[in-house]
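Here's the letter readout for the chains.
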Amino acid sequence: MQRMSLLVCWILLSLSFTANASTTFALQFMDLVNAHRSSIGLRDLILDDRLSAIVTKHSQNIASGAVGFGHSNFSYRCTASKKVLGGGNWCGENVAKGQRTPQGVFNAWMNSAYHRGNLENVRATRTGFGYAKNAAGTYYWTEIFLEY
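Parameters at a glance
Residues numbered from 1 in each chain as written. Predicted model: local features only at pLDDT ≥ 70, side-chain atom pairs only at ≥ 80, totals over all residues. Heavy atoms only, no water. Buried < 20%, exposed > 50% of the residue type's maximum accessible area, 1.4 Å probe, protein only. Helix = DSSP H or I, 4+ residues; strand = E, 2+ residues; numbered from the N terminus. Pairing = 2+ DSSP bridges. pLDDT = per-residue confidence, 0-100. Contact = heavy atoms within 4.5 Å. Expected span 1.5 Å × (residues − 1). Arc of directions from axis to C-beta. Polar contact = N/O pair within 3.5 Å; in protein donor to acceptor, adjacent residues only side chain to side chain. Core = buried A, V, L, I, M, F, W, Y, C linked by side-chain atoms within 4.5 Å. Phe/Tyr/Trp six-rings, centres within 6.5 Å; stacked < 30°, edge-to-face > 60°.

Caption draft 1: Examining the pairing of strand β2 (residues 91-97) more closely. The buried fraction of β2 is high, at 6 of 7 residues. Where β2 and strand β4 (residues 139-146) come together, 7 bridges link them in antiparallel fashion. In the strand pairing of β4, Cys91 is matched with Leu146.

Caption draft 2: Quick look at the confidence of the model for the chain. Residues at a pLDDT of 70 or more form 85% of the chain, whose mean pLDDT is 88. When the criterion is pLDDT under 50, residues 1-20 qualifies, and its contacts beyond four places in sequence or with other chains add up to 0 contacts.

Caption draft 3: Expanded view of helix α3 (residues 74-85). An ideal rise of 1.5 Å per residue puts 16 Å on 12 residues; α3 measures up with 17 Å between its terminal C-alpha atoms. Restricting attention to buried positions, one finds in α3 the residues Arg77, Cys78, Ala80, Ser81 and Leu85. Within α3, the buried residues cover an arc of 165° as seen down the axis, which keeps them to one side. Across α3 from its buried face, at more than 90 degrees, point the exposed residues Ser75, Tyr76, Thr79 and Lys83. Looking at the buried residues of α3, the elements they touch are α2 (49-64), β2, β3 (126-133) and β4. Where α3 ends, the next residue or the one after it, Gly86, has phi of about 80°, a positive value.

Caption draft 4: Molecular detail of α2. Here α2 contains 16 residues, and its C-alpha end-to-end distance of 22 Å stays within 8% of the 22 Å for a straight helix at 1.5 Å per residue. In the core, the buried residues of α2 are packed alongside β1 (46-47), α3, β2, β3 and β4. The opening residue of α2 is Asp48, an N-cap whose side-chain oxygen sits 2.8 Å from the backbone nitrogen of Arg50. Of the residues trailing α2, Gly65 is marked for its positive phi of about 85°.

Caption draft 5: Molecular detail of the pairing of β4. Along β4, 8 of the 8 residues are buried, which leaves the element largely enclosed by surrounding structure. Residues Tyr139, Trp141, Glu143 and Phe145 point to one face of β4 and Tyr140, Thr142, Ile144 and Leu146 to the other, with burial holding for every one of them. As judged from the 8 bridges shared by β3 and β4, these two strands associate in the antiparallel manner. Across the sheet, Phe129 pairs through a bridge with Glu143, a residue of β4.

Caption draft 6: Structural view of the nonpolar core. In terms of nonpolar packing, the biggest core is built from 19 residues, with Phe29, Val105, Trp109, Leu119, Phe129 and Trp141 touching the most fellow members. Every element with two or more residues in this core is listed here: α1 (2-39), α4 (102-110), β3 and β4. Looking at this core element by element, the count peaks at 5 residues for α1. Setting aside residues up to four positions removed in sequence, Leu119 forms contacts with Phe29, Val33, Arg37, Asn94, Trp109, Met110, Glu143 and Phe145. In this structure, Ile54, Cys91, Ile144 and Leu146 belong to the second largest nonpolar core, which totals 9 residues.

Caption draft 7: Quick peek at the packing of aromatic side chains. Taken as a whole, this structure holds 12 aromatic pairs when the rule is applied. A ring pair is formed by Phe69 and Tyr140, whose centres lie 6.4 Å apart and whose planes are at 50°; its orientation type is tilted. Here Tyr140 lies in strand β4 and Phe69 lies in the loop between α2 and α3, a separation of 71 residues in the sequence. The class of Phe69 is partly exposed, set by a relative accessible area of 40%. With relative accessibility at 11%, the residue Tyr140 sits in the buried group. Grouped by ring-pair contacts, the aromatic residues Phe25, Phe29, Phe106, Trp109, Phe129, Tyr131, Tyr139 and Trp141 constitute a single cluster.

Here is the structure:
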């Protein structure tokens, strides 16, 4: 019985750590994005957990090999994002692989004209941010942007 209790505690701590790490990564990333947007006179993006769930699933699908790396089914994620918010207009998406930290993925996207364009899009008001790591330790990142 005592072993079972220890196992349950370990599982709960592990899940808590995973959730906290995920939240920490998202908050670190949003601090970077919104500091940059503010520095160029743009309003902050609002991080929406519902949108983050949509793009986290995409990152998980890439990490598991269920879909290839890229923007496959972007229109589905855009439509799903608009649906959970109850509307929306412009929609954009960034994906990346290999960076190990929010700073790393932010730098990669800032060094790409296309991805930077999404981060700096004046129409963007809401965002979702998610990532997953495969068995080999490679991170896959996805961010969606929505005008709402």
